[in-house]
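Here are the chains, one letter per residue:
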Amino acid sequence: MELQGLALPKFKMDERHDSPVRQSPTPDRTGVGGGVGVAENSQRFAEAGFPQFTGGSGGAPDLDCQKDVKRLAMGASTALGGRLVGRVVRLIVDMGLAHILGPASFGLYAIGWTITRIATYITPLGLDAGVIRFGSESWHADKAKLKGVILHSIAFSAVSGLALGVAFYLLAPWLGARVFHQPGLPQVFRWLAFAFPLLTSLRVVSAATRISQRMKFSVYSEEIGQPVAALLLILVFCLIGWRLEGALAAIVLSCGLALLLAVYYVRQLFPEVVSKHVKPAFARNELLRFSLPTALSVIFGVLLIWVDRLFVGYYCSAAEAGVYYAASQLSIALAAILSGFGGIISPMVANLYHSGRNERLSELFRVSTKWSLYLSIPPFLLMCVMPRQVMGVMFGKSYVMGSAVLPVLAAGQLINAGTGAVSSLLVMSGNQNWIAALTGGFLVINMACELVLVPRWGVLGAAWGTAITVGGLSLLSILVAHSVLKVWPYDRRYWKGVLGAGLAAGALILLRHVLPDVPLLGMAGAGFVSLAVFAGTLLVCGLDAEDHAFMTLVWVRAKSNARA
């Protein structure tokens, strides 16, 4: 395989400051950057303790694939670490509100926040993917085009968010009283309508920072900044006695603060965007032709995951909606692991695919899919074997009834994680119509399942409908990716993960009968056992070369972030 560097974007990482250092436009034929020779570069990897591995062809050590694994590990460690922190903070917010508000009021909040999240995944119109797709091509190569891509993406999405926010505010009384038959919902809807333009713009501006293939700016603003600000504001408002209204006001204000932070990062990363000397030059039609079909896949995908909560809110009581929302939030923690890989993979896939480096693309997809699955297995086993303890510790005794639906929802999300960032792969390779058609078809199936199952079996029916369709979409998408792109992430090396999962599950089942009757202590011990047995099995069986490199790099970045 011919070794060559990434044509766009070109930068090298300063390990001390994690900042991009501008490079000469001359292509770097070594595939690593900085004009280092192949022999010297190979020596650097060996000295760092990274094993030499091939890119799937079984030939000589593939330095390009090593570089991709390094970038994947560094980006994924930042994204996963940030999203883990953000997810923990969001869970703390939900747990606090669940205790403060009680199941009924928490259910009203859950319905309103669910609609807001669905709407603000729709209102970007796919421009959060479009800004990465076209921005990655123009970064360092065409400042005028980059400026046009970023400004047009932000402007279109802001207008879209504002328009839908106004409509949601005006329709709030009808939606709350006539559709959901909950008299307290109109006030919730009107508060959250103000978040529509803010959260929509935040998604696009945050995505624009990922053009640099550095995840920390998106993580700091969207993943950590917004939930941390919401948590602090909720504490302040609750202390002064402002309960449900305080929570809603905190959500709106936190979106605005996170947006300001993301805008600041874009200005620092891409000064040409605000430069008066650079005029934006980019075909808006080209951007919309890519983004709008992508938006359909996003819309269908979000509805596929979240629409079950709306059916529960319609057919069931507000208290049941609150319990179901709590269980669903825990299961989606597995999707957060997958999205951590998807965030860094998107710009890498766009670059590799459009420069014809398909072997490296296939290797990148394989490594990322394996680790998305591996990282999801220990928490999945905990949710399946000890769901009552998990629900009770996280949300309180009033929410333990959600233990029946938690394993079902988690199973669907595990299949999702086990097929990797296949949606990002299809979208960034120009196959967004495929993913839009697939998600649209499975959304119809999901809604049919919910219509049949929820009236008969309540929240459990909703969980089964969602798990079946999420899992089915993931499996069919991986088959489409194999047919269209000739990539396949699975091989016989996965037997180690299967063995580790079986042993960890057996250990948890045995442990469940001897744990002390202390929910928090028991869940913590079970979580440790699940992780230790699974990881220990992988280590005993022997890590693959790229797995060793990936874990080493993640550990190096984690220590670097801790010191910083």
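Before reading on, note that the structure itself is shown above.
What counts and how
- Residues numbered from 1 in each chain as written.
- Predicted model: local features only at pLDDT ≥ 70, side-chain atom pairs only at ≥ 80, totals over all residues.
- Heavy atoms only, no water.
- Helix = DSSP H or I, 4+ residues; strand = E, 2+ residues; numbered from the N terminus.
- Buried < 20%, exposed > 50% of the residue type's maximum accessible area, 1.4 Å probe, protein only.
- Contact = heavy atoms within 4.5 Å.
- Areas by Shrake-Rupley, 256 points an atom, 1.4 Å probe, with all protein chains shown as cover.
- Axes fitted to C-alpha atoms, helices over the stretch in contact; angles between N-to-C directions.
- Parallel < 35°, antiparallel > 145°, perpendicular 65-115°, else oblique.
- Nonpolar A, V, L, I, M, F, W, Y, C, P; charged D, E, K, R; others polar.
- Phe/Tyr/Trp six-rings, centres within 6.5 Å; stacked < 30°, edge-to-face > 60°.
- Lys NZ or Arg CZ within 6 Å of the ring centre and 35° of its normal.
- Left-handed = near helix turned anticlockwise from the far one by under 90°.
- Bend = angle between axes of the 7 residues up to and from the residue.
- Polar contact = N/O pair within 3.5 Å; in protein donor to acceptor, adjacent residues only side chain to side chain.

Some words on the overall build of the protein chain
Next, step 1: On a plain count of helices and strands, the protein chain comes out with 18 helices and 2 strands.
Next, step 2: A total of 564 residues make up the protein chain; the buried ones form 57% of that total.
Next, step 3: The contacts of the protein chain with a sequence gap of at least 6 include a subset with a gap of at least 24, amounting to 81%.
Next, step 4: Approximately 22700 Å² of the protein chain is accessible, and the part contributed by carbon and sulfur atoms is 67%.

Digging into the packing of helix H5 (residues 185-193) against helix H6 (residues 195-209)
Next, step 1: Direction vectors running N to C along H5 and H6 enclose 45°, while the axes themselves pass 6 Å from each other. Taken as axis vectors, H5 and H6 run oblique relative to one another. Where H5 approaches H6, its residues Trp191, Leu192 and Ala193 are matched on the opposing element by Ala195, Phe196 and Pro197.
Next, step 2: For the contact of H5 with H6, the class distribution of residues is 6 nonpolar, no polar and no charged.

Comments concerning the environment of Cys255
Next, step 1: Note on placement: Cys255 falls in helix H8 (residues 244-269).
Next, step 2: In sequence terms Cys255 and Leu199 are 56 residues apart; their C-alpha atoms lie 5.7 Å from each other.
Next, step 3: Beyond its immediate sequence surroundings of up to four residues, Cys255 is in contact with Ala195, Leu198, Leu199 and Gln226.

Points about the packing of aromatic side chains
Next, step 1: Throughout the structure, instances matching the rule amount to 19 aromatic pairs.
Next, step 2: With 5.9 Å between their ring centres and 55° between their planes, Tyr264 and Tyr265 make a pair best called tilted.
Next, step 3: Residue Tyr264 is classed as partly exposed on the basis of its relative accessible area, which comes to 45%.
Next, step 4: Their ring planes at 85° and their centres at 5.3 Å tell us that Trp488 and Tyr490 sit as a pair that is edge-to-face.
Next, step 5: We classify Tyr490 as partly exposed; its relative accessible area is 26%.
Next, step 6: Following the ring pairs from residue to residue traces out a cluster consisting of Trp371, Tyr374, Trp488, Tyr490, Tyr494 and Phe534.
Next, step 7: Above the plane of the ring of Tyr169 lies Arg190, whose end atom (NZ or CZ) is 4.8 Å from the centre.
Next, step 8: Geometry around Trp306 places Arg309 over its ring, the cationic atom sitting 4.1 Å from the centre.

Let's talk about the packing of helix H3 (residues 127-138) against helix H9 (residues 284-315)
Next, step 1: Running from N to C, H3 and H9 cross one another at 130°; their axes reach a closest spacing of 8 Å. In terms of orientation, H3 lies oblique with respect to H9. Crossing of H3 over H9 shows right-handed handedness. Side by side, H3 and H9 meet where Leu127, Ala129, Gly130, Arg133 and Phe134 of the first sit next to Glu286, Leu287, Leu288, Phe290, Ser291 and Thr294 of the second.
Next, step 2: When its residues are assigned to classes, the contact of H3 with H9 shows 6 nonpolar, 3 polar and 2 charged.

Observations regarding helix H4 (residues 143-179)
Next, step 1: At Leu171, H4 shows its largest bend, some 60°, and a proline, Pro173, comes one to four positions later.
Next, step 2: Between the side-chain oxygen at the start of H4 and the backbone nitrogen of Ala144 there is a gap of 3.3 Å, and the oxygen is on Asp142.
Next, step 3: Immediately beyond the C-terminal end of H4, within one or two residues, lies His181, with a positive phi of roughly 55°.

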